[in-house]
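In case you want the letters, here they are:
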Amino acid sequence: MEVFLLLLVVFSLSFAVYPIQSTTGSHTDVHIVYLGHNNGLSPSLTSRSHLQLLSRVFTKPDEARQAILYSYSCGFSGFAALLNSTQACTLSETEGVISVFRSRTLELHTTRSWDFMGLNLHMQMEQSSQMHLKFGDDVIVGVLDTGVWPESESFRDDPHYGPIPSSWRGTCVKGDSFDPATACNRKLIGARYYLAGIESELGPLNTSDGAEYRSPRDRVGHGTHTASTAVGSVVPNASYFGLGRGAARGGAPMARLAVYKVCWYKDLTGRCSDADILAAFDDALCDGVHVVSASLGSSPPLMPLFATSTEIGAFHAMQRGVVTVFSAGNDGPDASMVQNVSPWGLTVAASTIDRRFPTVITLGNNASIVGESFLVKDMKKRLVESSSVFTDGTCAFEQLINRTAASGKIVLCFATMGMVSSEGAALAVYAGNGDGVIFADTISRKASQDNFWPTVHVDLHQGTQILYYIRASRKATVHISPSKTVVGKTPAPTVAHFSSRGPSSITPNILKPDVTAPGVNILAAWPPKSSPTVLPLDKRSTNWNFDSGTSMSCPHVSGIAALIKSVHPTWSPAAVKSALMTTAYMYDDTSDVMLAGGTLKAADAFDVGAGHVDPLRALDPGLVYDAGARDHVLFLCSLGYTAVQIRQMVLPGSSLDTSCPGGGAPHAADLNYPAIVLPDLSAPVTVKRTVTNVGANRGAVYRSAVVSPQGTRAEVWPPELAFSPYHGDKASYYVSVTPAKPSRGRFDFGEIVWSDGFHRVRTPLVVRVTNLPDDGVRAAATGDHGSHGATDYLQAAA
Ligand SMILES: *[C@@H]1O[C@H](CO)[C@@H](O)[C@H](O)[C@H]1NC(C)=O
Ligand SMILES: *[C@@H]1O[C@H](CO)[C@@H](O)[C@H](O)[C@H]1NC(C)=O
Ligand SMILES: *[C@@H]1O[C@H](CO)[C@@H](O)[C@H](O)[C@H]1NC(C)=O
Ligand SMILES: *[C@@H]1O[C@H](CO)[C@@H](O)[C@H](O)[C@H]1NC(C)=O
Ligand SMILES: *[C@@H]1O[C@H](CO)[C@@H](O)[C@H](O)[C@H]1NC(C)=O
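Basis of the calculations
Residues numbered from 1 in each chain as written. Chains lettered and ligands numbered in written order. Predicted model: local features only at pLDDT ≥ 70, side-chain atom pairs only at ≥ 80, totals over all residues. Heavy atoms only, no water. Core = buried A, V, L, I, M, F, W, Y, C linked by side-chain atoms within 4.5 Å. Buried < 20%, exposed > 50% of the residue type's maximum accessible area, 1.4 Å probe, protein only. Helix = DSSP H or I, 4+ residues; strand = E, 2+ residues; numbered from the N terminus. Contact = heavy atoms within 4.5 Å. Axes fitted to C-alpha atoms, helices over the stretch in contact; angles between N-to-C directions. Left-handed = near helix turned anticlockwise from the far one by under 90°. Nonpolar A, V, L, I, M, F, W, Y, C, P; charged D, E, K, R; others polar. Pairing = 2+ DSSP bridges. 1 Å grid on protein atoms, 1.4 Å probe; cavity = no way out; pocket = protein on both sides within 12 Å on 5 of 7 lines; lining within 4 Å. Points joined across faces, edges and corners; volume = space filled by probe spheres on them. Domains from an automatic or database assignment.

Caption draft 1: How the structure looks around the nonpolar core. Formed by 114 residues in total, the largest nonpolar core has its most connected members in F306 and L636. Residue contributions to this core peak at 8 residues, all from helix α10 (residues 274-287). The residues contacting L636, other than those within four sequence positions of it, are F306, F315, W344, Y641, I646, M649 and V650.

Structure (structure tokens):
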């Protein structure tokens, strides 16, 4: 009975709709009031000013003190407080307030991968002496996630670490089952947790029996996994129950780790509050992290950039030279679902790697089929089709005939019958006392991570063959052999079907996602107390686990960003991003392998951004597209912010001009981004870009090669850029794009490549020509869908 109740809970979860409380009379919600930078004031002065501001909407000062959850006063200025709608509205109209928005709940975007990217250990060792690569020993990566399992070997202390960087001002806090004296060391140098927001929004945490820990300790597993992917130390002989055996390590295995626990166990996954996320950013920036890794977000509709905790945090991180890396989301493969789309964040899509787990299925007629699984032991069983176990053949709990209908059997399930997931099918077969599942799905979705009950994945063609065999035999049987680990024999990378695609739904001129990295079946550290599937039914324990999602690709790029920061400590976040983007490779480079796969289309820039990251090339990109404070002032002008608001948001620098140019707002496409997207081209347009020579040869000469998107003519002027020690390291060029024929509505893809014979600096050029009338309706894509100051409140609270 217990199992049934639990299953009901699990099933109802997948359909649960979280009631949004109506904003009636006295009802209060957690709101965030964003005020820009903190003007160089001390945190205590800033906090006092927050209380003064808040007191204006309360009758007694005590009420204001009680309502405030966080005062963000170190990395930037703002606060989170419990407010009713009148108070929120009043504050949003107050001078000096940039935006007021309701705190929302975000979701997680839930060892061979590094070798696959050409950054194998041997190479790293060899390169280290040549390139003074210190493995990122001096770089601190802050991971905003579900916390950490400090006992994991990935985070152990090691005599090779030098002292903790003297710039570090962070701390390890004490809490439930978390003692800094034993948990923290020269690897794990910081650990904090934030739950004022989530408890105000979702109620008190359940901490009985280790259901959660009021501390940086990880209950879910996700944070341990992402942190070890970004910076985990080298651990030999890691495997998941023997599968995928090899050395596990992060992208920057010597970098230091600072953990900011902002996501909490709820409904079998982690949930995170805007208010807590901003508090973590506020601390991380003052603690002195160099890279922030955040594998979380919220599905579209996207809120304006300055009504989103992650974007506000990343904006102030950027101004302090800190790189923020985000996951693109798991809402693919439909267009425009990409999340975390600001130009100052780095947004990562997910792709496959060349490792598979082939599993041989031998049917009773001796036909054999190779599927994919994570099976560790041999199984010989009766084989039945789903309709003998489920009333209408749908492998779902509600359709189960009775609790023993699948006893001693393996059940063939089709994803296409009733649209079930492999996880749902495995649970349903388990509930029917079955022994396992053969799960047939389309090729693009086939590869999947482990289920808690034995599941072999096959494609629709294979599934149909198995179905015909079952129907043709009186007593069908199957023999499933243990899975093997095979590396290097699969066409890869290919973009993962779940990876969220561009274009951005609020800033279509900014290419998103920016790059792609491995995100399917990534092996990394796991808390032994959480089962690999996080299901309570699953009683297995493991120190290593496979996981998939843009959650997994994001920390790969955070690790590479840490290496770049280690080699080039003075590079701005824009330069680091440029280095990653211009050196990435497109899947077209391996199109012959891809096509051998049969059914996959070549990835385009809305699938993978500039392409798949290439860590070694990113350390020496030749040219970078840098962007400084003035560039961001102009971008904020393009979003509709006034000079007064911009002065409050952009850190004052010597001779920084914070005014917006007269004669119309600048166009967002003019931001010096390492990609050009023109979503609404009806007449010729010229776009300017400036590159900085960061190569060893200060007298390098670069020549351009342009591939015009179909239906357009793109030209670059000048065609050659000559750098010299006398003329400086910067040079500008212009790209003019002309529609070549009438068209409407289709994106086409081209590129601009600069080369000095050694470096190849590639920039995607994406154009949608819209010079045909659309039944008299003007095109809507103007690129100005950003936020407009304090009016954010009305949109954000709606
Ligand atoms: C909101 O709170 C303030 C201060 O407590 C109160 O004066 C006001 O009436 C409240 N508004 C609503 C809509 O409840
Ligand atoms: C809290 O967690 C414990 C341990 O997982 C569980 O047994 C209990 O039912 C939970 N309580 C609530 C109210 O969810
Ligand atoms: C690797 O670990 C396995 C257990 O998972 C153990 O049996 C084996 O001896 C180890 N191999 C080495 C080389 O340490
Ligand atoms: C399958 O192969 C086994 C061993 O090779 C053989 O004994 C058996 O008769 C074969 N069964 C069928 C149906 O061909
Ligand atoms: C459960 O369903 C199976 C398959 O239809 C049937 O063979 C079995 O007798 C049923 N058991 C019970 C207890 O009804």
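Here the narrative resumes.
Caption draft 2: Broad picture of the packing of helix α15 (residues 550-567) against helix α16 (residues 573-582). Where α15 contacts α16, the two axes come as close as 10 Å, and the packing angle between them is 115°. Handedness of the crossing formed by α15 with α16: right-handed. Facing V557, I560, A561 and I564 of α15, the residues of α16 in contact are V576, A579 and L580. Class assignment for the residues of the contact of α15 with α16 results in 7 nonpolar, no polar and no charged.

Caption draft 3: Representation of the sheet that holds strand β26 (residues 515-518). Strand order in the open sheet formed by 7 strands is β7-β10-β6-β13-β15-β16-β26, and the pairing between neighbours is parallel. Taken across any chain shown, the strands that pair with only one partner, and hence form the sheet edges, are β7 (188-193) and β26. Averaged over all neighbouring strand pairs, the angle between strand axes comes to 25°, with direction disregarded. Across the sheet, α10 lies against β6 (140-145), β7, β10 (256-261), β13 (291-294) and β15 (323-327), angled at about 155° from β10, the strand it touches most.

Caption draft 4: Quick peek at the layout of surface pockets. Considering only enclosed or pocket space, the second largest pocket measures out at about 400 Å³ in volume. Taken together, 18 residues form the lining of the second largest pocket, with L375, K377, F452, P454 and R540 sitting closest to its centre. Residue classes in the lining of the second largest pocket are distributed as 10 nonpolar, 1 polar and 7 charged. Both domains that furnish three or more residues to the lining of the second largest pocket are identified here as domain 2 (128-354 + 495-594) and domain 3 (358-484).

Caption draft 5: Focus on the pairing of strand β33 (residues 712-717). By the alternation rule, side chains of β33 split into T712, A714 and V716, which are all buried, and R713, E715 and W717, of which none is buried. The sheet contact formed by β33 and strand β35 (residues 730-739) spans 6 bridges and is antiparallel. Pairing of V716 across the sheet is with V735, part of β35.

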